[in-house]
Each structure stands twice: as C-alpha cells, then as structure tokens.
Amino acid sequence: MAASKILAAAATLLGAAEAAKWAVIAAGSKGFFNYRHQADACHAYQVMKKSGIPEDHIILMMEDDVANSTENPFPGQLFNEPGENPPDVYAGCKIDYRGRDVTAKLFMDVLTGKAPGKCLKSGPEDHVFINFVDHGGVGIIEFPNGPLLHVKELSQTLDEMKQKNMFKQLVFYMEACESGSMFPQLKKDDGILAVTAANSQESSWGTYCESSAKVKGKDIGSCLGDLFSVNWMQDDDKGMMSSEKIKDQIATVSKLTNKSHVCVFGDNSVEEETIGDFELGTGESAVEAPPAENSVDVRDIYLTQSIYAWRTAAPGSAEKAKAWKTMMKAAADRQFDEDLFTKMAEHACADVNLHDCVGKFMRDRAELKDIDCHYSLSGQVFGQCPVSLFHRSPGGWNGYNMKYSQMLVNFCEGQAVLGKSTEDLRKVIAKACPLSLSRGAPELLV
Ligand SMILES: *[C@@H]1O[C@H](CO)[C@@H](O)[C@H](O)[C@H]1NC(C)=O
Ligand SMILES: *[C@@H]1O[C@H](CO)[C@@H](O)[C@H](O)[C@H]1NC(C)=O
C-alpha cells in the first residue's frame, strides 16, 4: 500500500517533469508578393520539427497559395534565404489548415482547444510556442480570409488559455507592423512572454528583397523573409537550443533586427528558460545563412518590389511592359488609400474648430486605451471600406493602409475634441467608405 503510494507520487513527479511541448504557427497573408510570410511559417515548422516536437504537437495554418503559384520560379518549393543551394522549407512542411479555412476565428479556436480539427491540447505543465507572421497595424493583425484579429480578441484568447490551464509557460513570437501594440494586458507573473518584431509605432521589415531575393541565380520576384523572423530562426538553426536562454536569443535577435525595435512583454522569468524548453534542442548545427540584406519597410514592399522588377526587366520585353503596369497599379492603389483615409479625417473634422485638425488626427500617435471603440472602428473599416484586389486582402484593410489603424486610435482617444461618439465615428467611416466598391488590379489575381 505504502509502496504503491510512493510509486504513484513518483509517477506524478516524473509526469510533472516531462512537460510536453507544443507549437502553433500561423501566416496571415496570401498572394505571391507576400511570399515571405509563408516561407517564414514553413521555416518555423521545420525548426520546430527538427528540434524534436512531434508532428501531432505542431499546428500550422497558412493560405498555401504561394508554393504552387504560377509566379513561383521554383514550383512546389519555398526558400527563406537566398543562395546557390538554400534549403527548400516547403519540403515536408505539413499544413493543417489551408485556403479558406484560415481565419482569425480558427486561430483563436485552435489556441483555446475548440477547433473541430487539430488543435492545441496542452495541459498545465506544458510549454507552448506560438508564432504569427503577417501584416498588422496598431491593435490589429490580418488573416487571409478575414476578419481581423483585434488586440481585444487576442487578449481574451490568452486569458481563456490561462483559465483553462493550457500552459505552464507560453512564448509568443509575433512578426507584424506595430506588433508592439498587441500585448498590453500581459502581467509579470502569468507565464506568458511575448516578443514582437516592432514597437507599437513602427513598421516591421521584410528582408532578402530585390537583388537579394535570388535563388540558384534566379530572381524570386518577392522578398524571401521577414527580418525579425529570419533572425530568430537562423539563431535556432545554429542548434544551441539546449544551452541558449531565451533572453540571450532576444538580445542577439534585437541586435540583428536593426530596422525596428524588438520588444518584450509579459513575464520576464520565462526569459530565463533555455530555448530548448520550448523547442527541444538537438545540437545539430546548420550552414550559416547569408546576412539579411536588402531589407525593406513592409509598407513599401509591394511598390519597391514592382519598381525593382521594372528596372531589371530587359528593355522592350513583355516583362518590362507588365512590370510597368504593376508598378503603376501599385502606386495608384496606394494613393487610393491615402485619399480614402484623408477623406475620413476630413469628415471627422468637418464640424470641429481645431487648427490643422485633419493633419493632427492623421499624424498623432495617441496610445490605444479605449479598446472597445477601436475594435468597433477597425471592424467598420473591415466591413465598409473598399477591398483592394491588388493586395488580395479580404476586407477594407490591407498591408499598406493598416498604418491608418493609428488614426482610428486617435479618433477614439480624441472623441471629446471631435465631439463624436463611437457610433458617430462609425458613421464617419461609412461616409468615406461606401460599401461594395472594390478596386485594384483583378488580373493580378492568380
Ligand atoms: C501543388 O502542386 C503539387 C504538384 O502538382 C500538388 O501535388 C499539390 O497538391 C499542390 N498543392 C496545392 C496546395 O495546391
Ligand atoms: C543591419 O544589419 C545588416 C545585416 O547584418 C547589415 O548589413 C547592415 O549594415 C546593418 N545596418 C545598420 C544600420 O547597422
């Protein structure tokens, strides 16, 4: 009796020591010009897999429209770094949810263990690693089939995971513009550590763009990676997982990510863990990747990449003519967004007696406090504003105009100055954004 009790106690202790590891990876975009996000996501899958996390503990969701795109010079392959013989990260990249299934709701349901298919089934002793790569703006990140994931929903999701005892420690690496705005609620003692590619006021950066997006001598025609993402994964690829602490990785990656400010939120005690506690280390080291050169502000990528294509195409060729058209459409699409959001500010300011009201609301950087107001207004832009076919985004937001999520923050925090309620501001947006318009370049849809 006593012996079996001791055995049972020992088993519990052993069980407790054997924390399981889980990983959830999501890429939020679609379209060949967003190649880098799916390359990052498959690379993240490879890193998790190689480090020994069993396949049934890794959940990957992405549109999966890039590897087989007619624009891909290497059909069925994806590369996350340039070179003569870089690894094909698509080979063996097992995607659990693809195409239309990939939505913000699915992401939340996977994390809280509610998705009907494969989802996170972690317990109170487990270590969970989450990685999201895509476009974002203050308080919002994008999903390829909508809707947005708002900071309000992400906070609720992490709270629910905490209440359901779904982790001992959770590490969230997020690559997106203004991603530093997505974790305002994390506490110092709840076991969650979030690391973001940028602070709450700046873009994140793509890398291996333009002349650096070359594999086996061929131009891929799209950036191969994102700067923060390739930096942490190349650090993992060095195979030091079992000895390197998370805080050491953060220090290394912060230095390498020299175009934006890598930020850390939440429970700093998690930083003392070794990377291997989240991604079992193997000690296997990889070939050093080339330096992350030709990095471009994410908001400019679609334009600069089309300028590059035009500049490098042979004079008089059909490619050059096509690239010219793409470039002009990219510029026009961008101007459309500038005009649209300017109009929104003009409507908001129309009856307000404040010097340079439009300029102030477009430029200010108020801190997001009224989360409910922002949730409502960003949802209104998603539902009411014209969809950019050029960007292939589902609602009124796209990788470029998400920078104006800050303007909605300014509206919410400036309600008193504007003399407008959230409901009034929703009307302002509707007025600037008549529903059912769509714009852009349908022929670019693959
Ligand atoms: C991509 O193409 C390969 C080869 O034709 C095919 O086996 C695979 O199912 C395709 N994948 C997708 C997502 O369409
Ligand atoms: C940023 O890092 C890249 C890649 O290591 C390097 O080529 C570049 O010179 C660095 N830029 C600055 C401003 O430090």
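Going by the structure above, here's the rest.
On a predicted model such as this, the values are computed, not experimentally measured, just so you know.

1. As for the environment of Ser254
Mapped onto the elements of the fold, Ser254 is located in helix α6 (residues 246-256). Along the backbone, Ser254 and Gln384 are 130 residues apart, and their C-alpha atoms lie at a distance of 38 Å. A polar atom in the side chain of Ser254 sits 2.6 Å from the backbone oxygen of Ile250.

2. Observations regarding the sheet that holds strand β12 (residues 225-226)
The strand order across the open sheet built from three strands is β12-β9-β14, with neighbouring strands paired in antiparallel fashion. Because the sheet does not close on itself, it has two edges, and the strands there are β12 and β14 (296-297). Strand direction decides the pairing type here: strand β9 (residues 205-207) and β12, joined by two bridges, are antiparallel. Bridge pairing links Gly206 to Asp226 in β12.

3. Quick look at the packing of helix α10 (residues 371-384) against helix α13 (residues 422-432)
Where α10 contacts α13, the two axes come as close as 10 Å, and the packing angle between them is 20°. One way to sum up the angle between α10 and α13 is to call them roughly parallel. For the element pair α10 and α13, the recorded crossing hand is right-handed. Together, Cys373, Ser376, Leu377, Gln380, Val381 and Gln384 of α10 and Thr422, Leu425, Arg426, Ile429 and Ala430 of α13 make up the contact between the two elements. Within the contact of α10 with α13, the residues separate by chemical class into six nonpolar, four polar and one charged.

4. Considerations on empty space enclosed by the protein
Within this structure, the stated rule accounts for six cavities of 30 Å³ or more. Surrounding the largest cavity, Phe33, Asn34, Arg36, His135, Val298, Arg299, Ile301, Tyr302, His391, Gly399 and Tyr400 form its lining.

5. As for α13
Of all the residues in α13, the buried ones are Leu425, Val428, Ile429 and Ala432. Angular distribution of buried residues about the axis of α13 spans 95°; they occupy a single face of the element. Residues Lys427 and Lys431 are exposed on α13 and point more than 90 degrees away from its buried face.

6. A short note on the sheet that holds strand β1 (residues 21-27)
The strand order across the open sheet built from six strands is β2-β1-β3-β7-β8-β13, with neighbouring strands paired in mixed fashion. Lying at the two open borders of the sheet, with one neighbouring strand each, are β2 (58-61) and β13 (263-266). Taken pair by pair, the neighbouring strands of this sheet meet at an average axis angle of 10°, ignoring direction. Bridge count for β1 against β2 is four bridges, and the pairing is parallel. In the sheet register, Ile25 faces β2, and the bridge partner there is Leu60. Helix α4 (residues 151-163) contacts β3 (127-133), β7 (169-175) and β8 (192-196) of the sheet and is inclined by roughly 160° relative to β7.

7. Considering the state of the cysteines
Counted according to the given criterion, the structure contains five disulfides. Each disulfide pairs two cysteine sulfurs, and for Cys209 the partner residue is Cys223, the sulfurs being separated by 2.2 Å. Handedness here is read from the sign of the S-S torsion; for Cys209 and Cys223, about 110°, the answer is right-handed. With Cys209 in the loop between β9 and β10 (214-215) and Cys223 in the loop between β11 (218-219) and β12, the pair connects residues that are 14 residues apart, well separated along the chain. The disulfide that involves Cys385 links it to Cys433, with 2.0 Å between the sulfurs. Sign of the S-S torsion, about 80° for the bond between Cys385 and Cys433, identifies this disulfide as right-handed. One end of the pair, Cys385, is in the loop between α10 and β15 (387-388); the other, Cys433, is in the loop between α13 and β16 (438-439), and 48 residues separate them in sequence. The exposure classification of Cys385 matches that of Cys433, with both residues buried.

8. As for the pattern of salt bridges
Side chains carrying opposite charge are able to pair once their charged atoms draw close together. Going through the model one piece at a time under the given rule, you end up with 19 salt bridges. Among the charged side chains, a network of salt bridges with common partners joins Lys49, Glu55 and Lys94.

9. Section: unusual backbone geometry
A cis amide bond links Gly146 to the next residue, Pro147, at an omega of -25°. Summarising the element assignment, Pro147 is placed in the loop between β5 (140-141) and β6 (149-150). You will see that Tyr208, though not glycine, has its phi angle at about 50°, which is positive. With respect to the helices, strands and loops of the structure, Tyr208 is situated in the loop between β9 and β10. Take Tyr208: its relative accessible area is 0%, and that puts it in the buried class.

10. A short note on the packing of aromatic side chains
Remark: the centre distance and the inter-plane angle together describe each pair of aromatic rings, the angle taken between the planes. Within this structure, the stated rule accounts for 18 aromatic pairs. Geometrically, the ring pair formed by Tyr302 and Phe390 is edge-to-face, given 5.3 Å between the ring centres and 65° between the ring planes. Pair noted here: Tyr302 is in helix α7 (residues 301-312) and Phe390 is in the loop between β15 and α11 (405-413), with a separation of 88 residues, a long-range link. Neither Tyr302 nor Phe390 differs from the other in exposure class; each is buried. Through successive ring pairs, a cluster of aromatic residues spans Phe33, Tyr302, Phe390 and Tyr400. Cation over ring: Lys218 sits above Phe74, and NZ or CZ is 5.0 Å from the ring centre. Residue placement shows Lys320 over the ring face of Trp310; its charged tip is 4.9 Å from the ring centre.

Cut-offs applied
- Residues numbered from 1 in each chain as written.
- Chains lettered and ligands numbered in written order.
- Predicted model: local features only at pLDDT ≥ 70, side-chain atom pairs only at ≥ 80, totals over all residues.
- Heavy atoms only, no water.
- Helix = DSSP H or I, 4+ residues; strand = E, 2+ residues; numbered from the N terminus.
- Polar contact = N/O pair within 3.5 Å; in protein donor to acceptor, adjacent residues only side chain to side chain.
- Pairing = 2+ DSSP bridges.
- Axes fitted to C-alpha atoms, helices over the stretch in contact; angles between N-to-C directions.
- Parallel < 35°, antiparallel > 145°, perpendicular 65-115°, else oblique.
- Left-handed = near helix turned anticlockwise from the far one by under 90°.
- Contact = heavy atoms within 4.5 Å.
- Nonpolar A, V, L, I, M, F, W, Y, C, P; charged D, E, K, R; others polar.
- 1 Å grid on protein atoms, 1.4 Å probe; cavity = no way out; pocket = protein on both sides within 12 Å on 5 of 7 lines; lining within 4 Å.
- Points joined across faces, edges and corners; volume = space filled by probe spheres on them.
- Buried < 20%, exposed > 50% of the residue type's maximum accessible area, 1.4 Å probe, protein only.
- Arc of directions from axis to C-beta.
- Disulfide = S-S within 2.5 Å.
- Salt bridge = Lys/Arg side-chain N within 4 Å of Asp/Glu carboxyl O.
- Phe/Tyr/Trp six-rings, centres within 6.5 Å; stacked < 30°, edge-to-face > 60°.
- Lys NZ or Arg CZ within 6 Å of the ring centre and 35° of its normal.

Everything listed here is a matter of coordinates, which is why it stays silent on function.
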